[in-house]
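Structural overview
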Amino acid sequence: MSKIQEVASAVEMGKSKIVGGLTQEALNEGASAVDVLNAMIDAMGVVGEKFKNNEIFVPEMLVAARAMKKGVEVLKPHLASGEAGKAGKVIIGTVAGDLHDIGKNLVAMMIESAGFEVIDLGVDVPTEKFLEALKANPDVKIVALSALLTTTMPAMKATVEALNALENRGAIKVMVGGAPITQAFADEIGADAYTADAASAAQKAKELAA
Ligand code: B1M
């Protein structure tokens, strides 16, 4: 088994204690951080499939998520360029009712590494909290929303609608993403941009803020 496969397998099995070390070993052996990250994301896909098929349950999903976070910590310095926040401010959060944060954290990390200052509101963020953060930071250029559940897509819609009703809506761009989100849904709810993954989210943020 290659070191990358070992990392993926440890994430899938939720072996938090060894994922960090294995990730470092994979990097030391010359694996690229992006390849290791993609293997971790694939492992989470396997975890999701097993959950869907009732082969594992919520606690196993949770330990897999914890394990992945350990690996991402090791990858972070290799994925993020660490430029200062000169490109502008971005507010990011996972929408109300949704506790998934790995994808949102990756998007935040990549956007930060593209030169933005990121205000991360966390998970289960109600619309009012996004609005308050915008009020407190009138120079924000982009609001980025993540949702991982089909059941929280309406919450994303509600937040985007509230943002669209703002007087100064023209001054901000709204980006959306997450596994169940599509370009069609983004268009339907009136978001400015949809991207499928963290790297393209960072690229899009740069375009929108230019
Ligand atoms: Co949950 N979960 N989960 N879960 N979970 C999914 C999402 C699910 C697909 C699993 C499945 O059934 N196959 C399913 C959703 C089904 C659906 O709605 N269609 C599901 C379910 C049902 C649930 C619960 C309802 C289970 C229950 O309680 N019965 C529950 C809901 C809790 C809640 O949120 N209220 C629940 C709970 C959890 C845990 C808490 C245990 C845990 C999350 C822990 C955490 O995040 N800290 C968890 C996990 C780990 C998963 C899976 C296995 C992995 C998610 C993940 O981190 N993926 C997931 C299955 C799967 O994804 N295949 C699943 C890796 C991550 C890098 O990918 O987040 O997609 P992702 O991010 C991607 C892109 O989507 C994109 O960029 C990232 C990659 O670069 N992206 C953006 C994300 N946000 C973006 C924003 C952007 C642009 C791109 O612009 C702003």
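You'll find the structure just up there.
What comes next concerns the included structure. (Residues numbered from 1 in each chain as written. Predicted model: local features only at pLDDT ≥ 70, side-chain atom pairs only at ≥ 80, totals over all residues. Heavy atoms only, no water.)

Turning to the side chain of T127, a few remarks are in order. Relative to the helices and strands, T127 is located in helix 6 (residues 127–136). Residue T127 is classed as buried on the basis of its relative accessible area, which comes to 16%. Among the polar contacts listed, one links the side chain of T127 to the side chain of T159, at a separation of 2.9 Å. Not counting residues up to four positions away in its chain, the partners in contact with T127 are A158, T159 and A162. (Helix = DSSP H or I, 4+ residues; strand = E, 2+ residues; numbered from the N terminus. Buried < 20%, exposed > 50% of the residue type's maximum accessible area, 1.4 Å probe, protein only. Polar contact = N/O pair within 3.5 Å; in protein donor to acceptor, adjacent residues only side chain to side chain. Contact = heavy atoms within 4.5 Å.)

It helps to recall that an α-helix has 3.6 residues per turn; residues three or four apart then point in one direction. Along its twelve residues, helix 7 (residues 153–164) runs 16 Å from first to last C-alpha, staying within 8% of the 16 Å computed at 1.5 Å per residue. For helix 7, the set of buried residues is M153, A155, M156, T159, V160 and L163. Along the axis of helix 7, the buried positions cluster into a sector of 155 degrees, meaning they face one direction only. (Expected span 1.5 Å × (residues − 1). Arc of directions from axis to C-beta.)

Among all protein atoms, only H100 (NE2) binds the cobalt atom of the ligand, sitting 2.2 Å from it. If you trace the backbone, H100 turns up in the loop between strand 1 (88–94) and helix 5 (102–113). (Donors = N, O, S within 2.8 Å, 3.2 Å for Na, K, Ca; no water.)

When charged atoms on two side chains of opposite charge get close, those side chains can pair. Per the counting criterion, the structure on display carries ten salt bridges. Close ionic contact of K104 with D120 constitutes a salt bridge, the shortest N to O distance being 3.0 Å. Taken as a pair, K104 in helix 5 and D120 in strand 2 (residues 116–120) lie far apart in primary sequence, 16 residues in all. Among the ionic pairs, E161 bridges to K157, the shortest N-O distance being 3.3 Å. Here E161 pairs with K157, and both are found in helix 7, just four residues apart, close to one helical turn. Accessibility expressed as a relative area gives 30% for K157, which makes it partly exposed. Linked through salt bridges whose partners overlap, the residues forming this network are K3, E6 and E25. (Salt bridge = Lys/Arg side-chain N within 4 Å of Asp/Glu carboxyl O.)

Positioned with a positive phi, N54 is a non-glycine residue whose angle comes to about 60 degrees. Along the chain, the position of N54 falls in the loop between helix 3 (33–52) and helix 4 (58–79). For N54, a relative accessible area of 55% corresponds to the exposed category. A positive phi angle, close to 50 degrees, is found at D124, a residue other than glycine. Counting through the fold element by element, D124 comes out in the loop between strand 2 and helix 6. Accessibility expressed as a relative area gives 38% for D124, which makes it partly exposed.

Okay, the site of the ligand next. Near the ligand there are 37 residues, and of these L99, H100, D101, S146 and T150 occur at the shortest range. Here an oxygen atom of the ligand and a backbone polar atom of G103 are 3.5 Å apart. At 2.9 Å from an oxygen atom of the ligand is found a main-chain nitrogen or oxygen belonging to T150. The pocket occupied by the ligand, as judged from atoms lying within 2 Å of grid points, is the largest pocket. Looking at which element gives the most residues to the shell around the ligand, the answer is helix 3, with seven residues. (Near = heavy atom within 4 Å. 1 Å grid on protein atoms, 1.4 Å probe; cavity = no way out; pocket = protein on both sides within 12 Å on 5 of 7 lines; lining within 4 Å. Sits in = over half its atoms within 2 Å of the grid points.)

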